[in-house]
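Examination of the molecular architecture
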Amino acid sequence: QLQLVESGGGLVQPGGSLRLSCATSGSTLDDYAVAWFRQAPGKEREGVSCISSSGSSTNYADSVKGRFTISRDNAESTFYLQMNSLKPEDTAVYYCAAEKLGDCPRSIGIQPFDYWGRGTQVTVSS
């Protein structure tokens, strides 16, 4: 069983940066592909980025390509989302998630992710 806890959210001005972290415990992280999702008020949860268990491949939503970078440190059982050039439309609760298949889907949907954090708020506003 894998537990996940997000941190690093907060209030930032447009054009600014934040780095989100997801600390995991309870299992070996290098068995899992991990991903970030976000959910804005009144909207469905959407996939932001995914990284494979080995870190050899990544996927990004079109809306964040070139601005966000996902990374992982399996030795520390932690993965990250570096968010640069933030826009107001990036405002959402951000969730980290994991799945044991080890590979990222081409489209980052909620399935097949089985393990979820409780979320951290990111607000981009001037």
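Now for a look at the structure at hand. (Residues numbered from 1 in each chain as written. Predicted model: local features only at pLDDT ≥ 70, side-chain atom pairs only at ≥ 80, totals over all residues. Heavy atoms only, no water.)

1. Thoughts on the overall build of the protein chain
The condition that has to hold: Numbered from the N terminus, helices here are DSSP runs of H or I no shorter than four residues, and strands are runs of E no shorter than two. Restricting the calculation to C-alpha atoms gives the radius of gyration, and the globule rule supplies 2.2 Å times the number of residues raised to the power 0.38. Accessibility here uses a 1.4 Å probe with only protein chains present; expressed as a share of the type maximum, an area under 20% marks a residue as buried, one over 50% as exposed, and anything in between as partly exposed. Any two residues whose heavy atoms approach within 4.5 Å at even a single point are treated as in contact. Positive residues here are Lys and Arg, negative ones are Asp and Glu, while His and the chain termini are left out of the count. One atom stands in for each charge, and that atom is NZ of Lys, CZ of Arg, CG of Asp or CD of Glu.
Of regular secondary structure, the protein chain possesses zero helices and 11 strands. Secondary structure elements of the protein chain occur, N-terminal to C-terminal, as β-β-β-β-β-β-β-β-β-β-β. Computed over its C-alpha atoms, the radius of gyration of the protein chain comes to 13 Å, within 12% of the 14 Å expected for a compact globule of 126 residues. Once the C-alpha set of the protein chain is aligned to its principal axes, its extents read approximately 40 × 25 × 25 Å. The 126 residues of the protein chain split such that 44% are buried. Taking the intrachain contacts of the protein chain between residues at least 6 apart in sequence as the baseline, contacts between residues at least 24 apart amount to 61%. One way to put it: in the protein chain the 11 positive side-chain charges average out to a point 5 Å from where the 13 negative ones average out.

2. Things to note about the side chain of R72
Heads up, the rule is: In what follows, salt bridge is the name for a side-chain nitrogen of Lys or Arg lying within 4 Å of a carboxyl oxygen of Asp or Glu. Contacts described as polar in this section are N or O atom pairs within 3.5 Å, which, within protein, must combine one atom able to donate a hydrogen with one able to accept it, while residues neighboring in sequence count only if both atoms come from side chains.
Residue placement: R72 occurs in strand β7 (residues 68-73). Put simply, R72 is tucked away with no salt bridge, and the nearest opposite charge, on D30, sits 6.7 Å away. A polar contact of 2.7 Å, which involves the side chain of R72, links it to the backbone oxygen of S52. Reaching out from R72, the side chain makes a polar contact with the backbone oxygen of S53 at a distance of 3.5 Å. Other than its neighbours up to four places away in sequence, R72 contacts L29, D30, Y32, A33, V34, I51, S52, S53, G55, T78 and F79.

3. Comments concerning the packing of aromatic side chains
Note the cut-off: Only rings of Phe, Tyr and Trp enter the pairing, Trp through its six-membered ring, and a pair is recorded when the two centres are within 6.5 Å. The plane angle decides the type: under 30 degrees is stacked, over 60 is edge-to-face, the rest tilted. We call a charge positioned above a ring when the Lys NZ or Arg CZ atom is no farther than 6 Å from the ring centre and deviates by at most 35 degrees from the ring normal.
By the definition in use, this model includes four aromatic pairs. Between Y32 and Y115, the ring centres sit 5.9 Å apart and the planes meet at 85 degrees, which makes this aromatic pair edge-to-face. Residue Y32 is located in the loop between β3 (18-25) and β4 (33-39), and its partner Y115 is located in strand β10 (residues 115-116); the two are separated by 83 residues in the primary sequence. Grouping residues by exposure puts Y32 and Y115 together as buried. The interplanar angle of 50 degrees and the centroid separation of 4.8 Å between the aromatic rings of F37 and W116 together place this pair among those described as tilted. Here F37, found in strand β4, pairs with W116, found in strand β10; they are 79 residues apart in sequence, far enough to count as distant. Each residue in the set F37, F113 and W116 is aromatic and connected to the rest through ring pairs, giving one cluster. Sitting over the face of the ring of Y95, R45 holds its NZ or CZ atom 3.7 Å from the ring centroid.

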